[in-house]
Amino acid sequence: MTNHGETTGSPENGKAAGHDGREPYDGIGAPDCTAYEGHGADHQVTLRTPAELADALPYLLGYRPEDSIVLVALHDRDGRGRFGGRARLGIPASADDWTSVAQQLAHGLVTGSERRGARPEQMVAYLCQEPGRGESGRQVMERLRPLAQKLRIECGHLDVPVIEALCISDGRFWSYCCVNEACCPPEGVPMGLPGTSVLAAAATYAGLQVRGTLRELRTRLLPWETAAALDQELALDTASMALVPRILDESSRGDVAEETLELAERIMRRLAEAPPVSGTLMTDLRDDELLGHDEAATLILGLQDRSTRDRAAEWMEGEAAASALRLWRALARRCVGSYGEHAAAPLTLAGWVAWSTGDELEAREALAMALGADPGYLFARLLHQACNEGLDPESIRRCLRAERRDRGHPGPDDGEGPGEQAVLEPTEWAPLVSEDVSRPRRRSRPGGSAGSRTRSAKATGRGSGGTVPRPRTPASGATRPGGGRTHGMRPRTSGKEAARHRDCPGSVLPGGDDSERDV
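Conventions and cut-offs
Residues numbered from 1 in each chain as written. Predicted model: local features only at pLDDT ≥ 70, side-chain atom pairs only at ≥ 80, totals over all residues. Heavy atoms only, no water. Helix = DSSP H or I, 4+ residues; strand = E, 2+ residues; numbered from the N terminus. Buried < 20%, exposed > 50% of the residue type's maximum accessible area, 1.4 Å probe, protein only. Contact = heavy atoms within 4.5 Å. Areas by Shrake-Rupley, 256 points an atom, 1.4 Å probe, with all protein chains shown as cover. pLDDT = per-residue confidence, 0-100. Core = buried A, V, L, I, M, F, W, Y, C linked by side-chain atoms within 4.5 Å. Expected span 1.5 Å × (residues − 1). Salt bridge = Lys/Arg side-chain N within 4 Å of Asp/Glu carboxyl O. Pairing = 2+ DSSP bridges. Disulfide = S-S within 2.5 Å. Axes fitted to C-alpha atoms, helices over the stretch in contact; angles between N-to-C directions. Parallel < 35°, antiparallel > 145°, perpendicular 65-115°, else oblique. Left-handed = near helix turned anticlockwise from the far one by under 90°.

(A) Examining the overall build of the protein more closely. Within the protein, the secondary structure is distributed over 18 helices and eleven strands. Within the protein, the proportion of its 519 residues that are buried is 55%. Long-range contacts, defined as pairs at least 24 residues apart, comprise 71% of the intrachain contacts of the protein with a sequence gap of at least 6. Looking at the protein as shown, the accessible area adds up to about 21800 Å², and 52% of this sits on carbon and sulfur atoms.

Following this line, the structure appears as structure tokens:
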């Protein structure tokens with residue numbers, strides 16, 4: 001099965017298709033290679049052959065899938081078909097898992113489309129995998145044929161037939177449905193050069209981009225594997241011995257939160273003032289040079305506190321968002337060695353900022369990687385679900401802005417439009433739930449190491465187990481997110497504030513207990 005490093009696309013969440021998330025598809029019910037149609041934001045593009053349908057895949061997803069099963073829903077509209085939701089899973093290495101994956105993908109896409117009010121009439125399936133050593137593209141196609149058949153069977157059980165199934169491998173494509181050798185010969189058909197098709201031109205005109213592969217995107221968020229990783233892990237060990245006892249101490253916990261946010265602000269300004277460089281690789285290398293090992297360690301450990309993380313999440317829009325996203329990526333790359341689980345916090349923040357600023361692809365990948373680092377990380381799990389279901393992040397932004405206003409430090413984007421309320425619509429979010437905070441954050445460390453002493457300190461401060469608690473004593477007068485609340489226990493909330501807390505995602509709201517609430 002696919003692990004958390006893979007992303008399951010959501011029904012109806014595709015944005016590469018245009019403004020309404022759907023694309024026309026002509027030729028519903030056609031058993032052969034008939035016409036398919038797609039559209040950009042302002043005009044339509046007709047896809048007439050399986051070759052053009054194969055070429056359309058990166059534009060439907062926004063990236064070039066690798067080792068992927070992709071299902072695309074088709075909806076009937078005025079006698080013509082339109083592309084709808086997309087769903088993707090990694091191809092399991094074991095064929096024993098193919099049946100369950102086919103069931104999961106077909107059921108998820110159909111039921112998700114139904115929740116959005118548009119059950120698909122038909123499906124298009126894609127299998128994308130490069131040959132292994134000594135294997136040809138045609139051999140890949142034959143090896144994956146049973147998987148294609150399982151997808152057709154599972155979709156058929158749901159009364160949503162697969163009218164085209166394509167295998168893309170080694171620069172060629174094959175159709176599992178078309179028997180016309182004139183258009184789909186046994187040796188496959190070469191794929192066109194990227195960017196040379198009519199659809200590519202139309203996508204460029206419509207402002208749609210293809211972002212390379214998911215592997216390239218994940219590389220920006222993966223921990224270092226260089227010699228510098230040893231120095232970073234040593235810095236994390238040292239910072240852990242100094243910071244964890246202070247976080248566990250009620251009297252100093254708020255000071256650590258303030259210091260963490262102050263440091264984050266300084267580094268964000270440093271990143272923003274750095275001269276630009278070309279290319280994502282050079283940008284990431286330059287950002288790594290601007291962030292010291294000790295600074296990264298302090299921030300990574302400080303963000304393990306949920307309240308500090310929630311306040312950092314308020315850097316979600318405007319000029320601050322770009323610098324914050326670069327910082328969260330850089331911190332995720334510094335969660336090396338035994339600190340891999342600590343990456344859940346910066347990865348979740350990176351996913352949230354990416355989603356808030358309109359980059360759903362990076363958002364889903366970052367949030368899925370956060371769940372890979374810590375499968376029980378509630379904030380990441382619920383944001384990932386909300387992003388996949390196509391919810392509007394503005395609802396969460398309103399709550400974060402309201403929290404910032406309550407602390408007495410409104411941001412430049414905190415103004416609300418006429419009739420706009422800082423609450424979530426009941427139909428947009430599920431009932432709030434609470435996270436069990438008794439689950440300890442464990443690290444695998446050799447006996448007698450600095451990490452072992454850190455765990456002992458945790459046990460002393462909290463008893464048996466427990467994550468770092470939410471700080472309730474932030475310093476007053478701060479200008480960063482969350483500043484301005486007085487020391488001491490949280491007072492009883494007013495009826496108005498309590499109502500807003502019920503409607504907002506609780507992970508960004510300071511609770512009266514140590515629970516983390518969210519949708």
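(B) Fine view of the confidence of the model for the protein. In the predicted model, the protein carries a mean pLDDT of 75, and 67% of its residues have values of at least 70. Ignoring residues within four places in sequence, the model shows residues 1-42, a span with pLDDT below 50, making 160 contacts including any to other chains. Within the model, the stretch residues 482-503 combines pLDDT values under 50 with 52 contacts to residues more than four positions away or in other chains.

(C) Structural context of the nonpolar core. Membership of the largest hydrophobic core comes to 62 residues, with the highest contact counts inside it found for Trp-315, Leu-327, Trp-328, Leu-331, Trp-352 and Trp-355. Only α7 (228-248), α8 (253-273), α10 (293-302), α12 (318-333), α13 (344-356), α14 (360-373), α15 (378-388) and α16 (394-406) provide two or more residues apiece to this core. At nine residues, the largest contribution of residues to this core is made by α13. Counting 30 residues, the second largest nonpolar core, distinct from the first, contains Ile-91, Trp-98, Ala-125 and Val-162.

(D) Just α13, in detail. Between its first and last C-alpha, α13 extends 18 Å over 13 residues, near the 18 Å set by a 1.5 Å rise per residue. Taking burial as the measure, the 13 residues of α13 include 13 buried ones, the bulk of the element. The first or second residue beyond α13 is Gly-358, which carries a positive phi of 100°.

(E) A look at the pattern of salt bridges. What the rule picks out here adds up to 23 salt bridges. Between Asp-284 and Arg-220 there is a salt bridge whose closest N-O contact spans 2.9 Å. One end of the pair, Asp-284, is in helix α9 (residues 280-289); the other, Arg-220, is in the loop between α6 (214-219) and α7, with 64 residues separating them in the sequence. Pair check on accessibility: Asp-284 and Arg-220 agree, each one buried. With its nearest N and O atoms 2.8 Å apart, the salt bridge here joins Glu-317 to Arg-401. Of the two residues, Glu-317 sits in the loop between α11 (306-312) and α12 while Arg-401 sits in helix α16, which places them 84 residues apart along the sequence. A relative accessible area of 16% places Glu-317 in the buried class. Its relative accessible area of 6% is what places Arg-401 among the buried residues. Among the ionic contacts, a cluster of salt bridges with common partners joins Glu-317, Glu-394, Arg-397, Arg-398, Arg-401 and Arg-404.

(F) The pairing of strand β6 (residues 122-128), seen in detail. Across the seven residues that make up β6, a large majority, seven, are buried. Here β6 shows no split at all, with Gln-122, Val-124, Tyr-126 and Cys-128 on one side and Met-123, Ala-125 and Leu-127 on the other all buried. Relative to β6, strand β4 (residues 68-77) is paired through seven bridges, and the arrangement is antiparallel. Across the sheet, residue Ile-69 finds its bridge partner in β6, namely Leu-127. The pairing of β6 with strand β7 (residues 162-169) spans six bridges and is parallel. Following the sheet pairing, Tyr-126 is matched in β7 by Leu-166.

(G) The arrangement of the environment of Asp-294 in detail. Looking at the secondary structure, you find Asp-294 in helix α10. For the pair Asp-294 and Asp-231, spaced 63 residues apart in the sequence, the C-alpha separation amounts to 9.6 Å.

(H) Examining unusual backbone geometry more closely. Positive phi is not limited to glycine here, since Asp-67 has a value of about 45°. Looking at the secondary structure, you find Asp-67 in the loop between α1 (50-61) and β4. Of note, Asp-170 is a non-glycine position whose phi angle comes to about 55°, a positive value. When you line up the elements, Asp-170 lands in the loop between β7 and β8 (172-175). We classify Asp-170 as partly exposed; its relative accessible area is 46%.

(I) Summary view of the environment of Leu-105. Relative to the elements of secondary structure, Leu-105 occurs in helix α2 (residues 98-115). In the structure, Leu-105 is positioned 34 residues away from Leu-71 in sequence and 7.4 Å away in space, judged by C-alpha atoms. In this structure Leu-105 touches Ile-69, Leu-71, Ala-87, Arg-88, Leu-89 and Leu-151, once residues within four positions along its chain are discounted.

(J) Spotlight on the side chain of Arg-329. Its place among the elements puts Arg-329 in helix α12. With relative accessibility at 9%, the residue Arg-329 sits in the buried group. Apart from residues lying up to four places away in sequence, Arg-329 is in contact with Arg-220, Leu-221 and Glu-362.

(K) Looking closely at the state of the cysteines. For the structure on display, the rule yields zero disulfides. Of all cysteine sulfurs in the structure, the one in Cys-128 sits closest to Cys-167, which takes part in no disulfide; the separation is 7.7 Å. On the accessibility criterion, Cys-167 (0% relative accessible area) is buried.

(L) Broad picture of the packing of α13 against α16. Where α13 contacts α16, the two axes come as close as 10 Å, and the packing angle between them is 110°. As the angle between them shows, α13 and α16 are arranged roughly perpendicular. Crossing hand, α13 versus α16: left-handed. In this structure, α13 uses Trp-352, Trp-355 and Ser-356 to contact α16, whose residues at the interface are Ile-396, Arg-397 and Leu-400.

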